[in-house]
Amino acid sequence: MKARIIDGVKIGRQIREEIRTEVEALKQSGVVPGLAAVLVGNNPASHVYVRSKIKACEDLGIYSEYIHLGQETTTPELLQKIDALNRKDEIDGILVQLPLPKPIDEQAILLSVDPAKDVDGLHPMNAGNLALGRDSLRPCTPSGVIEMLRRENIPMKGNHAVVIGRSNLVGKPLAFLLLQEHATVTICHSRTQNLSEVAAQADILVAAIGKPAMVTAEFVKQGAVVIDVGVNKIEGDVLSKFLERDPSLRPQYQKNQAENKNYVLCGDVNFSSVSELASAITPVPKGVGPLTIAMLMKNTVQAARMRRA
Ligand SMILES: NC(=O)c1ccc[n+]([C@@H]2O[C@H](COP(=O)([O-])OP(=O)(O)OC[C@H]3O[C@@H](n4cnc5c(N)ncnc54)[C@H](OP(=O)(O)O)[C@@H]3O)[C@@H](O)[C@H]2O)c1
C-alpha cells in the first residue's frame, strides 16, 4: 500500500480562512481579538516560531503584541509582565514561548497566566478541564491533530489510537482529546516495553517523541493512519546517515542546500518505509506544523468571544 499524504498546509489554510470570517464578524460587533506573544532570550528557533505567530495574526486581522525580553529576565520581572497582560482588556490571549531560559520558574509562569487568556492550554485549570472532558482552551498541537483527523474523515470512534509520547504539551492532552472522540487510547513513553509491538496494534499511530525517524515499518500495522508530530533538525556528521536511512529526506536536503542551508527537518517517523504500509501519513514539514499556528489563532478568537463578545 502507498499511503495518502495528508496536506497540513491545505488544512491549515482552510482553518485560517474560517477564522478570518470569524474575526471579521467579531469586528462588526466592536471586538478585535488580541494576542500577546512573550519571548525571553535569544533562542533562534523560538524567535522564528514567535515571528510566524505574529505574522499569522497580522494576516487574519488579529491585534498582536510581541514582547521580547532579555536573557537576564528574572521570574519576578516576567510575572510582572504577565500580570500587566492579564489586566489589559484588548489582549485575549497570552502566549509564553517555551522553553524559557533555565533560571526562570516555568511552572510559576504558566500558572500566572489568566486561564481565560491561556491560548496554549497549559494552565492547570485548562489541563484539568480537558482531563474532565469539560470545555477549555486546549493545547494547539493536539487539537490540530484532532482537527486534521476530522477533516480527513479518519474515524476515531472505537478505533485504537496509540500515542507515543506523554508530554504535557502534546502526548497527554492528545490522549485526552482522542478519548473524547471515543477512541481506545494507549499512551507509550520511554519506559514502555515492546514499544514496536504495542504501536503495531494501532489503527491511528501518533509519534510525539522528538527522536528522528525512530518509528519504522515494524511499528506500523498495514493500513494504519500515521501522524508524525516530531520536528527534528538534522545537521552535521549524522546527516548522511539519515539521508540514507530515509531517502524521502533527499529532495528537502537538495532544496535546502540550494539555499545554503546544510540541514533537514525530519519527523519522528521514517517516512520512506512507513508510507509503504500506512493508509495515510503526515509529512514533515507541512504536516502537523501548520495546524499548530492555525489552532493558536482559533484559540485566540475563542478567548475573545468568551471574554468580550
Ligand atoms: N509540529 C508542531 O507544531 C510541534 C509542536 C510541539 C512539539 N513538536 C515536536 O514533537 C516532538 C515531541 O515534543 P514534546 O514537547 O512532546 O517532547 P518531550 O517533552 O521531549 O516529550 C517526548 C516524549 O517522548 C517520549 N520518548 C522519548 N524517547 C522515547 C523512546 N525512545 N521511546 C518511547 N518514548 C520516548 C518521552 O518519554 P518519557 O516521558 O518517558 O521521557 C516523552 O514522553 C518534538 O520533536 C517536538 O519538536 C512539534
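Notes on the structure in this doc start here. Not measured: the values here are computed from a predicted model. Per chain, residue numbering runs from 1 following the sequence as it is written. Local features in this predicted model are restricted to residues of pLDDT 70 or higher, and side-chain atom pairs are both shown and tallied only at a pLDDT of 80 or more, whereas totals for entire chains, interfaces and linings draw on every residue. To get the side-chain values, take all heavy atoms of the structure and skip hydrogens and water.

1. Some remarks on helix H10 (residues 250-258)
Think of an α-helix as 3.6 residues a turn; residues three or four steps apart then line up on the same face.
Right, on to step 1. Any residue under 20% of the maximum accessible area for its type is buried, any over 50% is exposed, and the rest in between are partly exposed; the area is computed with a 1.4 Å probe on protein chains only. In this text, helices come from DSSP runs of H or I with a minimum length of four residues, and strands from runs of E with a minimum of two, each type numbered from the N-terminal end. For H10, the set of buried residues is Gln 252, Tyr 253 and Asn 256. The buried residues of H10 all sit within an arc of 100° when viewed along its axis, so they share a single face. Across H10 from its buried face, at more than 90 degrees, point the exposed residues Pro 251, Gln 254, Lys 255 and Ala 258. It is the directions from the helix axis to the C-beta atoms whose arc is reported.

2. Here's the deal with the site of the ligand
Right, on to step 1. We define proximity as follows: a residue is near a molecule or strand when any one of its heavy atoms falls within 4 Å of that partner. Close to the ligand lie 22 residues, the nearest being Arg 166, Ser 167, Ser 190, Val 231 and Thr 292.
Right, on to step 2. Here an oxygen atom of the ligand sits 2.5 Å away from a polar atom, N or O, in the side chain of Ser 190.
Right, on to step 3. Identification of polar contacts relies on pairs of N or O atoms within 3.5 Å, with a donor-acceptor requirement for protein atoms, meaning one able to donate a hydrogen and the other able to accept it, and with residues adjacent in sequence counted only if both atoms are side-chain atoms. Between the ligand and the protein, one listed contact pairs an oxygen atom with a side-chain N or O atom of Thr 292 at 2.7 Å.
Right, on to step 4. Only the protein chains shown count as covering a residue, and every accessible area follows the Shrake-Rupley method with a 1.4 Å probe. Within the complex, the protein chains bury 70% of what would otherwise be the 930 Å² of accessible surface of the ligand.
Right, on to step 5. Under the grouping applied here, Gly and all other residues not named as nonpolar or charged are polar, the nonpolar ones being Ala, Val, Leu, Ile, Met, Phe, Trp, Tyr, Cys and Pro and the charged ones Asp, Glu, Lys and Arg. For the shell around the ligand, a count of residues per class yields nine nonpolar, ten polar and three charged.

3. A short note on helix H7 (residues 171-180)
Right, on to step 1. Considered for burial, the residues of H7 that qualify are Gly 171, Pro 173, Leu 174, Ala 175, Leu 177 and Leu 178.
Right, on to step 2. Elements that come into contact with the buried residues of H7 comprise helix H5 (124-131), helix H6 (140-151), strand E5 (160-164), strand E6 (184-188) and strand E7 (204-207).
Right, on to step 3. Backbone geometry just downstream of H7 places His 182 in the positive-phi region, at approximately 70°. It only takes one pair of heavy atoms within 4.5 Å for two residues to be counted as in contact.

4. Topic: the packing of aromatic side chains
Right, on to step 1. Any pair of Phe, Tyr and Trp rings, taking the six-membered ring for Trp, is counted once the centres come within 6.5 Å. Such a pair is stacked with planes under 30 degrees apart, edge-to-face with planes over 60 apart, and tilted for the rest. Scanning all chains against the criterion turns up zero aromatic pairs.
Right, on to step 2. Against the face of Tyr 263 rests Lys 233, its NZ or CZ located 4.4 Å from the ring centre. Two conditions define a charge located above a ring, namely a distance within 6 Å from the ring centre to NZ of Lys or CZ of Arg, and an angle within 35 degrees of the ring normal.

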